[in-house]
Amino acid sequence: MKLLRRGNPDNSDNGDHEVVESTAVEPSPSAETAGKGRPTPSRREAEGKRRGPVAPAPLTAKEARDRRKQTRGSKEDRKQASADRRADAADRRARMLAGEDKYLLPRDKGPVRAYVRDLVDARRHLVGMFMPLAILLILAMFLNPAIQAIVTLAMLIMMLFMVVEGYLMGRRINRQVRERYPDSVDGGFKLGWYAFVRASQIRKMRAPQPRVSPGDAV
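Residues numbered from 1 in each chain as written. Predicted model: local features only at pLDDT ≥ 70, side-chain atom pairs only at ≥ 80, totals over all residues. Heavy atoms only, no water.

1. Let's talk about the nonpolar core
And then number 1: Residues Val116, Val120, Ile173, Val177, Leu191, Ala195 and Ala199 are the most contacted members of the largest nonpolar core, which totals 18 residues.
And then number 2: Contributions of two or more residues to this core are made by helix H6 (111–121), helix H7 (130–140), helix H8 (145–180) and helix H9 (189–200).
And then number 3: Looking at which element gives the most residues to this core, the answer is H8, with six residues.
And then number 4: Alanine 199 has contacts with Val120, His125, Val127, Gly128, Met169 and Arg206, leaving out every residue within four places of it along the chain. (Core = buried A, V, L, I, M, F, W, Y, C linked by side-chain atoms within 4.5 Å. Buried < 20%, exposed > 50% of the residue type's maximum accessible area, 1.4 Å probe, protein only. Helix = DSSP H or I, 4+ residues; strand = E, 2+ residues; numbered from the N terminus. Contact = heavy atoms within 4.5 Å.)

2. A word on H9
And then number 1: Compared with the 16 Å implied by 1.5 Å per residue over 12 residues, the 16 Å span of H9 between its first and last C-alpha is a close match.
And then number 2: Listing the buried residues of H9 in full gives Leu191, Gly192, Tyr194, Ala195, Arg198, Ala199 and Ser200.
And then number 3: Against H6, H7 and H8 lie the buried residues of H9. (Expected span 1.5 Å × (residues − 1).)

3. Let's talk about the confidence of the model for the chain
And then number 1: Mean pLDDT for the chain: 78, with 73% of residues reaching 70 or above.
And then number 2: Looking across the chain, the model is least confident in helix H1 (residues 12–25), with a mean pLDDT of 41, and most confident in H6, with 95.
And then number 3: pLDDT under 50 marks residues 1–35. Its contacts with residues more than four places away, or in other chains, come to seven contacts. (pLDDT = per-residue confidence, 0-100.)

4. Quick word on the packing of H6 against H8
And then number 1: Contact pair H6 / H8: the axes reach a minimum separation of 11 Å and the direction vectors enclose 135°. Classified by the interaxial angle, the pair formed by H6 and H8 is oblique. Pair H6 / H8 crosses with right-handed handedness. Contact residues: Val112, Tyr115, Val116, Leu119 and Val120 in H6; Ile173, Gln176, Val177 and Arg180 in H8. (Axes fitted to C-alpha atoms, helices over the stretch in contact; angles between N-to-C directions. Parallel < 35°, antiparallel > 145°, perpendicular 65-115°, else oblique. Left-handed = near helix turned anticlockwise from the far one by under 90°.)

5. What about the packing of H7 against H8?
Each pair of packed helices can be summarised by the angle the axes make with each other and by the distance between the axes.
And then number 1: For the pair H7 and H8, the least separation of the axes is 10 Å and the interaxial angle reads 160°. Classified by the interaxial angle, the pair formed by H7 and H8 is roughly antiparallel. In this structure, H7 meets H8 at a crossing whose hand is left-handed. Only Gln148, Val151, Thr152, Met155, Met158 and Met162 of H8 make contact with H7, whose side of the interface consists of Phe130, Leu133, Ala134, Leu137 and Ala140.

6. Some details on the pattern of salt bridges
And then number 1: Counted according to the given criterion, the structure contains seven salt bridges.
And then number 2: The shortest N-O distance in the salt bridge between arginine 211 and aspartate 118 comes to 2.5 Å. Here arginine 211, found in the segment after H9, pairs with aspartate 118, found in helix H6; they are 93 residues apart in sequence, far enough to count as distant.
And then number 3: Relative accessible area serves as the criterion here: at 56%, arginine 211 is assigned to the exposed category.
And then number 4: The buried category is assigned to aspartate 118, whose relative accessible area is 11%.
And then number 5: Among the salt bridges present, the one from arginine 198 reaches aspartate 121, with a minimum N-O distance of 2.8 Å. (Salt bridge = Lys/Arg side-chain N within 4 Å of Asp/Glu carboxyl O.)

7. Describing unusual backbone geometry
And then number 1: Here the amide bond leading from alanine 207 into proline 208 is cis, since omega sits at -5°, within 30 degrees of zero.
And then number 2: Mapping proline 208 onto the fold places it in the segment after H9.

8. As for the environment of alanine 140
And then number 1: Positionally, alanine 140 belongs in helix H7.
And then number 2: The spatial distance from the C-alpha of alanine 140 to the C-alpha of threonine 152 is 8.3 Å, given a sequence separation of 12 residues.

9. Thoughts on a nonpolar patch on the surface
And then number 1: Taken together, the side chains of Phe130, Met131, Leu156, Met159, Ile202 and Met205 make up a nonpolar region of the molecular surface, amounting to roughly 550 Å² of accessible area.
And then number 2: Of all the elements in the fold, those that place two or more residues in the nonpolar patch are H7 and H8.
And then number 3: On the accessibility criterion, methionine 159 (41% relative accessible area) is partly exposed. (Patch = residues over 30% accessible without salt bridge, like charges linked within 9 Å, V, L, I, M, F, W, Y side chains within 5 Å. Areas by Shrake-Rupley, 256 points an atom, 1.4 Å probe, with all protein chains shown as cover.)

Structure below.
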């Protein structure tokens, strides 16, 4: 703000100097509002502007049905969307069965688990007869008591051999994994159980599908 002074003309230079100083010190109101010129909107207001107006809730069941019909599209669109979802699911399953790491379950991911699957698939195991024998035991329940007793005894003997084979297989798998991947933390009972469950499944039902045949070198 300029200051008008009267006085000695010799002091005109000093007066001009004072005017400049006062002008520099006191900001004008227009300088304060030279930016946006409006308060910053809140987050809720900004999100509301992005979303647009929200439709009111339906008051009757008929309005709710009409709104669902409007939002779900035509019958052809729904059929196409359903077909796309089925095709995507089939593609993901095919990639999972092929062993692509991106589409595997968390328990099957990683090079160590892939190596264990190859070790299991490269051999024939007695534990692979677990499911057929279980079906045989269920069928034996409907036979006469004499045959049922024989089948039950045979099943117990087979299960004992399976437990022994599973223990030896777990130790062998862990030793080979340590040799191939010495820095891996995956091992012990957890890895042995993974191999046992894989070996107990019928070969054609294993997922991911076997990459090697029985007798192949891994």
